[in-house]
Amino acid sequence: MSSSNHGESAKVADSLTYKDAGVDIDAGSELVRRIAKMAPGIGGFGGLFPLGDSYLVAGTDGVGTKLKLAFETGIHETIGIDLVAMSVNDIITSGAKPLFFLDYFATSYLDVDLAEKVIKGIVDGCHQSDCTLLGGETAEMPDFYADGEYDLSGFAVGIVKKDSVIDGRNIIVGDVLIGLPSSGVHSNGFSLVRRVLAQSGLSLKDPLPNESVTLGEALMAPTVIYVKQVLDLISKGGVKGIAHITGGGFTDNIPRVFPKGLGAVIFKDSWVVPTVFKWIQEAGKIEDAEMRRTFNMGIGMVLVVSEEAALRILGDGYGTNMAYRIGKVVNGEGVSYQ
């Protein structure tokens, strides 16, 4: 994750947390707990609705304050990919193939050219997901948003046979955690990113240290859509659980797929952490634990698989450019790092 020096410097008074930036993950978890009392079954990555011998699997999401960076950089062509990714990546954790997608675009004044750019990204995301953009809503609400700004929401529905649902119930001690690389920050943690950026004194036009792209370009890299890769891996057998690494990072998302009493050990040096995360941690003086609970750290999707499946996926058992062996299932709940 980082050198021990980073861990020491993160303890100074001006270190940043996600809560400092205005996002309280614990409050969000508490709300989900309360909603689950009113609507039992809520809390998974996707919601399952029985339909004959199958389940429809539905998910909804937005792209958060990554939109603020879109407004500042003028990069609107890819934010729609992020929108699609956040929902379809959730529903494939159940093994579902996405069927269709719906979007909601809201603004105070409809700039048709700008909206077209955003919708083009949504169409691109649907193409990557092999699903249909079935419809949507464009809401023009004068005085509700600042000039030039808009908000987005997305809704995806997929399908999976009841006997093929991936729900984690067969996970056992010794199973392997396979990590699929992310493109960067994806679409979570941007309230903290923006606070770090302000504290750093740099602008989105400045280069990302040690890289050939600007900070704006690195941060606006579209979220990876894992649909085709994950469904291909599922078809080969041995996949027992899948976690989409979004808000909450490894710490909160991986345990969501485990049976009670099981946890994970993550091998910290088993993949290359992208430069953008190293910059965020250093510029914000952020502790390792906070980074792991806020960002994906370079791994956007985690599959829990049998040892045999891991060997098949990875070939020789070591990381490739497509997947990494990043950990294992152990007795005891929670996520630890070694």
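Residues numbered from 1 in each chain as written. Predicted model: local features only at pLDDT ≥ 70, side-chain atom pairs only at ≥ 80, totals over all residues. Heavy atoms only, no water.

1. Let's talk about the environment of Gly334
Keep this limit in mind: Strands are runs of DSSP state E lasting at least 2 residues, helices are runs of H or I lasting at least 4, and numbering of each runs from the N terminus. Any two residues whose heavy atoms approach within 4.5 Å are treated as being in contact.
Mapped onto the secondary structure, Gly334 falls in strand 11 (residues 334–337). Along the primary structure Gly334 and Pro255 are separated by 79 residues, whereas in three dimensions their C-alpha atoms are 6.2 Å apart. Among residues more than four places away in sequence, those in contact with Gly334 are Leu262, Gly263 and Ala264.

2. Brief notes about the nonpolar core
Under the convention used in this document: The nonpolar core is taken to be a set of buried Ala, Val, Leu, Ile, Met, Phe, Trp, Tyr and Cys residues, with the residues joined through side-chain atoms within 4.5 Å. For every residue, the accessible area (1.4 Å probe, protein chains only) is compared with the maximum for its type, and the residue is labelled buried under 20%, exposed over 50%, or partly exposed between those bounds. In this document the domain limits rely on a domain assignment from an automatic tool or a database.
Membership of the largest hydrophobic core comes to 90 residues, with the highest contact counts inside it found for Leu177, Ile254, Phe258 and Ile280. With 7 residues, helix 4 (residues 79–91) is the largest single contributor of residues to this core. If you count residues domain by domain, this core takes at least three from each of domain 1 (41–161) and domain 2 (175–337).

3. A short note on the sheet that holds strand 6 (residues 176–181)
For clarity, the threshold we go by: Being paired, for any two strands, means DSSP has found at least two bridges between them. Every axis corresponds to a line fitted to the C-alpha atoms, with the helix fit spanning only the stretch in contact, and the corresponding angles, defined between N-to-C directions, vary from 0 to 180 degrees.
Overall, mixed pairing links the 6 strands, which are arranged 7-9-6-10-8-11 in an open sheet. Looking at the sheet topology across the chains shown, the edges are occupied by strand 7 (239–244) and strand 11. Recorded for the sheet is a direction-independent mean angle of 30° between the axes of neighbouring strands. With 5 bridges joining them, strand 7 and strand 9 (residues 299–305) adopt antiparallel strand pairing. Opposite Ala243, over in strand 9, you have Val302 as the bridge partner. Strands in contact with helix 8 (residues 227–235) are strand 6, strand 7 and strand 9; relative to strand 7, the strand with the most contacts, it is inclined by about 165°.

4. Quick notes on the UniProt feature "domain: PurM-like N-terminal" (unreviewed entry) in the protein
Selection criterion: UniProt positions are given in the numbering used here, feature names are shortened, and annotations may be inferred rather than shown by experiment.
Using the residue numbers shown here, the UniProt feature "domain: PurM-like N-terminal" (unreviewed entry) corresponds to residues 52–160. Helix makes up 36% of residues 52–160 and strand 36%. Its end C-alpha atoms lie 11 Å apart.

5. Digging into the pairing of strand 4 (residues 132–140)
What counts, and what does not: A crossover gets the label right-handed when its path from the first strand over the helix to the second runs clockwise, viewed with the strands pointing away from the viewer.
For strand 3 (residues 97–107) and strand 4, the ladder comprises 8 bridges, and the chain directions are parallel. By the bridge assignment for strand 4, Phe105 is matched with Thr138. Handedness of the β-α-β unit built from strand 3, helix 5 (residues 112–129) and strand 4 comes out right-handed.

6. Brief notes about the sheet that holds strand 2 (residues 54–61)
Strands sit in the order 1-2-5-3-4 across an open sheet of 5 strands; the sheet is mixed. Edge strands, defined here as strands with exactly one partner in the open sheet, are strand 1 (47–51) and strand 4. Each neighbouring strand pair of the sheet contributes to a mean axis angle of 20°, computed without reference to strand direction. Pairing of strand 1 with strand 2, which is carried by 5 bridges, proceeds in the antiparallel orientation. Residue pairing for strand 2: Pro50 is matched across the bridge by Tyr55. On top of the sheet, helix 5 reaches strand 3, strand 4 and strand 5 (150–161); it is set at about 170° to strand 3, its chief contact.

7. Observations regarding the domain arrangement of the protein
As a reminder, the rule being used: Put simply, buried area is the surface a 1.4 Å probe can reach on two separate parts but cannot reach once they are joined, added for both. For this analysis, a salt bridge means a side-chain nitrogen from Lys or Arg found within 4 Å of a carboxyl oxygen belonging to Asp or Glu.
Domain boundaries assigned for the protein yield domain 1 (41–161) and domain 2 (175–337). Look at where the C-alpha atoms of domain 1 and domain 2 centre, and you get two points 22 Å apart. Taken together, the contact pairs 33 residues of domain 1 with 29 residues of domain 2. Buried surface at the junction of domain 1 and domain 2, summed over both partners, amounts to about 2500 Å²; 70% is from carbon and sulfur atoms. It is Phe45, Lys66 and Leu69 that lose the most area in domain 1 upon contact with domain 2, and together they represent 26% of the buried surface on that side. One can count 0 salt bridges joining domain 1 with domain 2.

8. So, unusual backbone geometry
At Asn210, a position not held by glycine, the phi torsion is positive, near 70°. Of the residues examined, Asn210 reaches a relative accessible area of 78% and is grouped as exposed. Even without a glycine there, the phi angle at Lys285 is positive, about 50°. Note on placement: Lys285 falls in the loop between helix 10 (275–284) and helix 11 (288–294). For Lys285, a relative accessible area of 29% puts it in the partly exposed group.

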